[in-house]
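# A look at the structure
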Amino acid sequence: MKIEIDEKRSENFMEDWPGQYDIFSHLEFACGVPSVMFLITTLKENGKPNACLHAWSTFSGDSGGFFAIMPGLMQSTHTYRNILRDKEFCVNFLNPEYYERCIKTIEQNDDDLDELSAGGFTVEPAKTVRPPRIAQAFLSYECTLEAASDLSGKGLNAMIIGRVRHAAVDQNHGISEICGKDGFAFNIHSPKDPATGKGSQSAVAQLRAVQLT
Ligand SMILES: Cc1cc2nc3c(=O)[nH]c(=O)nc-3n(C[C@H](O)[C@H](O)[C@H](O)COP(=O)(O)O)c2cc1C
């Protein structure tokens, strides 16, 4: 049996925290689609490095270019303002071991703070853009701003599309590493029991290949 969930939130999707549904759609929690996590690096207006733990994105393109497509960047973040101002950023993929350090960059978010130092990360110069890469990342994309728009028209989330200008990947990172403890970290955002609307636990996940050929 399938449980049908309407675009209009039913009463059993109660808030777990005040304002939850002012920011998120209840459909986000209908099952908790996993999405790959990464740290976006930009430069603050004062030139200090800024970090933003992020998910809700995909990476795709064609022979005309490869793109970081990020539809869920909050317009209230430093990152949104930095990207609109400087039109460049890096996307850095870290294994789940670094999750606690990423959270530190959320907890320490002052306007004049070096958020990469706050998280205990090491900066590494990018080749094609000014914002730094993260040395601990096994993969970094250097991006320039291709497009920005207001996702829903409510002034909450921006859809940012970055054109990937350059990639730096750890030379030892093959399929076994991608599908293992040193590979991508995924965000599973508070899936709720679709019948009751209850459940508020999130998880960090990683990949396990079901078949290696
Ligand atoms: C797994 C995960 C957890 C997050 N948790 C929070 C949070 O607790 N509070 C918050 O404001 N943003 C959270 N975010 C969103 C951004 O990481 C956060 O707003 C960030 O500090 C913005 O950085 P900036 O203002 O320096 O750009 C989370 C993102 C992810 C992917």
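Here the structure is a predicted model, which means the values were calculated and not measured. (Residues numbered from 1 in each chain as written. Predicted model: local features only at pLDDT ≥ 70, side-chain atom pairs only at ≥ 80, totals over all residues.)

Right, let's talk about the site of the ligand for a bit. As a structural note, the neighbourhood of the ligand is formed by 14 residues, with Cys52, Leu53, Thr77, His78 and Thr79 the closest of them. Looking at the shell around the ligand, the elements that each hand over two or more residues are strand E3 (49-54) and helix H2 (78-86). Looking at the shell around the ligand, the element that brings in the most residues is E3, giving four residues. Counted by class, the shell around the ligand contains six nonpolar, seven polar and one charged residues. (Near = placed C-beta within 6 Å. Helix = DSSP H or I, 4+ residues; strand = E, 2+ residues; numbered from the N terminus. Nonpolar A, V, L, I, M, F, W, Y, C, P; charged D, E, K, R; others polar.)

Across the sheet, three strands lie side by side as E1-E11-E12; this open sheet has antiparallel pairing. At either end of the open sheet lies a strand with only one pairing partner, and these are strand E1 (35-36) and strand E12 (203-205). Where strand E11 (residues 186-188) lies against E12, three bridges are found, and the strand directions are antiparallel. Bridge pairing in E12 links Phe186 to Ala205. (Pairing = 2+ DSSP bridges.)

Turning to its location among the elements, Asn109 is positioned in the loop between helix H3 (99-107) and helix H4 (115-118). With 15 C-beta atoms counted inside 10 Å, the residue Asn109 sits in the partly exposed group. For the pair Asn109 and Thr122, spaced 13 residues apart in sequence, the C-alpha to C-alpha distance is 17 Å. (Buried ≥ 20, exposed ≤ 12 C-beta atoms within 10 Å, placed from the backbone.)

Let us look at the nonpolar core. Formed by 31 residues in total, the largest nonpolar core has its most connected members in Leu39, Cys90, Val91 and Leu94. Only strand E2 (38-43), E3, strand E5 (65-74), strand E6 (88-93), strand E9 (139-150) and strand E10 (157-169) provide two or more residues apiece to this core. For this core, the element with the highest residue contribution is E6, accounting for four residues. Not counting residues up to four positions away in its chain, the partners in contact with Cys90 are Thr41, Ala126, Val129, Pro131, Pro132, Arg133, Ser140, Tyr141, Glu142 and Cys143. (Core = buried A, V, L, I, M, F, W, Y, C linked by C-beta atoms within 7 Å. Contact = placed C-beta atoms within 7 Å.)

Picture the strands of a sheet paired through backbone hydrogen bonds; they go either parallel or antiparallel. Ordered in space as E3-E2-E6-E9-E10-E5-E4, the seven strands form an open sheet in which the pairing is antiparallel. At either end of the open sheet lies a strand with only one pairing partner, and these are E3 and strand E4 (58-62). Across the sheet, the mean angle separating the axes of adjacent strands is 35° when strand polarity is ignored. The strands touched by H2 within the sheet are E2, E3, E5, E6, E9 and E10, with E2 carrying the most contacts at an inclination of about 50°. (Axes fitted to C-alpha atoms, helices over the stretch in contact; angles between N-to-C directions.)

The subject of this paragraph is the environment of Thr128. Within the secondary structure, Thr128 is located in the loop between strand E7 (123-124) and strand E8 (133-134). On the basis of neighbour counts, which here come to 12 C-beta atoms within 10 Å, the residue Thr128 falls in the exposed class. Through-space distance from the C-alpha of Thr128 to that of Arg165 is 7.0 Å; in sequence the pair is 37 residues apart. Those residues in contact with Thr128 that sit more than four places away from it in its chain are Glu142, Arg165 and His166.

Moving on, we get to the pairing of E3. Most of E3 is tucked away, with six of its six residues classed as buried. Here E3 shows two buried faces, one formed by Pro49, Ala51 and Leu53 and the other by Asn50, Cys52 and His54. Where E2 and E3 come together, six bridges link them in antiparallel fashion. Note on E3: the bridge partner recorded for Ile40 is Cys52. Linking E2 to E3, which pair antiparallel, is a turn of five residues; within it Gly47 sits at a positive phi near 90°.

All we've got here are geometric facts, nothing functional implied.
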